[in-house]
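Examination of the molecular architecture
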Amino acid sequence: MISQNTAQTRTRLLLALWDLGGTQQEVKKGQFTKRIVSKSQKVADYQSIFEELQNQGAIAISKKGYSLTSGKGLEVLGEDLRSGDFKFEGTIVGTWAANALVKWINQIDVAVVGADVLVNGKSAITSYDEFKPVALEVYDKLNQNYNLDDLVPIYRIRREIGDQISREDFNEWLLEMQKNDIVQLIGGEMTDITPDKAEDSITTKLSGLRYYAKRLSSAN
């Protein structure tokens, strides 16, 4: 079992993942575990904390590695580091941890992307519950302003929301809205389709490329 307090261990995991560039790219499992797992421990000892962070939306786990979410992950890490409960155990602190903390202090103004941080003057979207009303507001505005007859191109919704949200979260949460019968994603044809517009649409596993979103009458 892990000797450290769970909260302290969680902070150490998040700090290591951030230091390894986990917000920009997926960190390979071998590289990450080499950083955090000592000779007297096993990766399995950390499993419950990995699962907690994944369920919290702070990290993403794939078969190949780990990544730190730029919204929730950095928010949790920032809160943990500022907590009075955080400390390193033992008499020796790893060089990587000391250097990571120095880097964090130097970059803290741009590293923490919580819900109160602005992206181009707008709040970053870090959860499905935040995304849903924004997406519906953008849908209604585009539909009304451009007379789109209730078929709003997905690429226009994505571009209107812009950098407030990652591409992956946009895809996941728009599909979640369809699952919850809030919108319907429709394929068909788009006469002015271009490669970049297709890329900014959504591809579903079962139905292929979807170009349009239609708000259902029952949606709130």
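In what follows, the structure referred to is the one given above.
Residues numbered from 1 in each chain as written. Predicted model: local features only at pLDDT ≥ 70, side-chain atom pairs only at ≥ 80, totals over all residues. Heavy atoms only, no water.

What about the pattern of salt bridges?
In plain terms, the rule: The term salt bridge refers to a side-chain nitrogen of Lys or Arg lying within 4 Å of a carboxyl oxygen of Asp or Glu. Note on conventions: DSSP H or I runs of at least 4 residues are helices, E runs of at least 2 residues are strands, and numbering of each starts at the N terminus.
Tallying each qualifying case throughout the model produces ten salt bridges. Its salt-bridge partner being Arg10, residue Glu52 comes within 3.3 Å of it at the nearest N-O pair. Placement of Glu52 in helix 3 (residues 47-56) and of Arg10 in helix 1 (residues 6-19) is noted, with a sequence separation of 42 residues between them. For Lys141, the salt bridge identified is with Glu160, shortest N-O distance 2.5 Å.

Thoughts on the pairing of strand 3 (residues 65-68)
On a regular strand, one side chain projects to one face of the sheet and the next to the other, so that they alternate. Defined as follows: For every residue, the accessible area (1.4 Å probe, protein chains only) is compared with the maximum for its type, and the residue is labelled buried under 20%, exposed over 50%, or partly exposed between those bounds. Note on pairing: two strands pair once DSSP finds at least 2 bridges between them.
Burial along strand 3 is two-sided: the residues Gly65 and Ser67 and Tyr66 and Leu68 are all buried. Sheet analysis places strand 1 (residues 27-28) next to strand 3, joined by two bridges and oriented antiparallel. Each bridged residue has a counterpart across the sheet, and for Lys28 the counterpart in strand 3 is Gly65. Bridging between strand 2 (residues 59-61) and strand 3 involves three bridges; their strand directions are antiparallel. Paired with Ala60 across the bridge in strand 3 is Ser67.

Description of the side chain of Arg158
The condition is simple: Under the counting rule used here, the positive set is Lys and Arg, the negative set is Asp and Glu, and His together with the chain ends is not counted. Contacts are assigned to residue pairs that have any heavy atoms within 4.5 Å of one another.
Positionally, Arg158 belongs in helix 7 (residues 154-161). Comment: no salt bridge for buried Arg158; closest opposite-charge side chain is Asp200, at 4.0 Å. When sequence neighbours within four positions are dropped, the list of residues in contact with Arg158 reads Arg167, Phe170, Asn171, Glu199, Asp200, Ser201 and Ile202.

Concerning the sheet that holds strand 6 (residues 152-153)
A sheet is described by the order of its strands in space; here three strands give the open sequence 6-10-7, paired in antiparallel fashion. The strands lining the two open edges of the sheet, one partner per strand, are strand 6 and strand 7 (183-186). Bridge count between strand 7 and strand 10 (residues 212-215): four bridges; the pairing is antiparallel. Paired with Ile186 across the bridge in strand 10 is Tyr212.

Quick notes on the sheet that holds strand 1
Basically, it comes down to this: Axes here refer to lines fitted to C-alpha atoms; in helices the fit is confined to the stretch in contact. Angles between the N-to-C directions go from 0 to 180 degrees.
The strand order across the open sheet built from three strands is 1-3-2, with neighbouring strands paired in antiparallel fashion. Taken across any chain shown, the strands that pair with only one partner, and hence form the sheet edges, are strand 1 and strand 2. Each of strand 1, strand 2 and strand 3 touches helix 1; the most contacted strand, strand 3, lies at about 90 degrees to it.

Some points on the packing of helix 1 against helix 3
Basically, it comes down to this: Angles are sorted into four bins: roughly parallel if under 35 degrees, roughly antiparallel if over 145, roughly perpendicular if 65 to 115, and oblique for all others. We call Asp, Glu, Lys and Arg charged. Ala, Val, Leu, Ile, Met, Phe, Trp, Tyr, Cys and Pro are nonpolar, and the rest, Gly among them, are polar.
At their nearest, the axes of helix 1 and helix 3 sit 10 Å apart, and the two run at 70 degrees to each other. The orientation of helix 1 relative to helix 3 falls into the category roughly perpendicular. Of helix 3, the residues touching helix 1 (which contributes Thr6, Thr9, Arg10, Leu13 and Leu14) are Ile49, Phe50, Glu52 and Leu53. A breakdown of the residues in the contact of helix 1 with helix 3 according to their chemical character gives five nonpolar, two polar and two charged.

Examining the packing of aromatic side chains
Keep this limit in mind: Note on aromatic pairs: the rings of Phe, Tyr and Trp (six-membered ring only in Trp) are paired at centre separations within 6.5 Å, and the planes decide the class, stacked below 30 degrees, edge-to-face beyond 60, tilted for the rest. A ring is scored as having a charge over it whenever the NZ atom of a lysine or the CZ atom of an arginine sits within 6 Å of its centre and within 35 degrees of its normal.
The tally for this structure, following the rule as stated, stands at seven aromatic pairs. Both rings, one in Trp18 and one in Trp104, keep their centres 5.0 Å apart while their planes meet at 75 degrees; by these two values the pair is edge-to-face. A residue pair is termed long-range when its members are at least 10 positions apart, and Trp18 in helix 1 and Trp104 in helix 5 (residues 95-111) qualify at 86 residues. Of the two residues, Trp18 and Trp104, both sit in the buried class. For the pair Phe32 and Phe50, a centre-to-centre distance of 6.1 Å together with 50 degrees between the ring planes defines the contact as tilted. In this pair, Phe32 sits in helix 2 (residues 29-36) while Phe50 sits in helix 3, placing the two residues 18 residues apart along the sequence. The class for Phe32 is buried, based on a relative accessible area of 2%. Sitting over the face of the ring of Trp18, Lys103 holds its NZ or CZ atom 5.0 Å from the ring centroid. Above the face of the Tyr146 ring, Arg156 is positioned so that its terminal group lies 4.2 Å from the ring centre.

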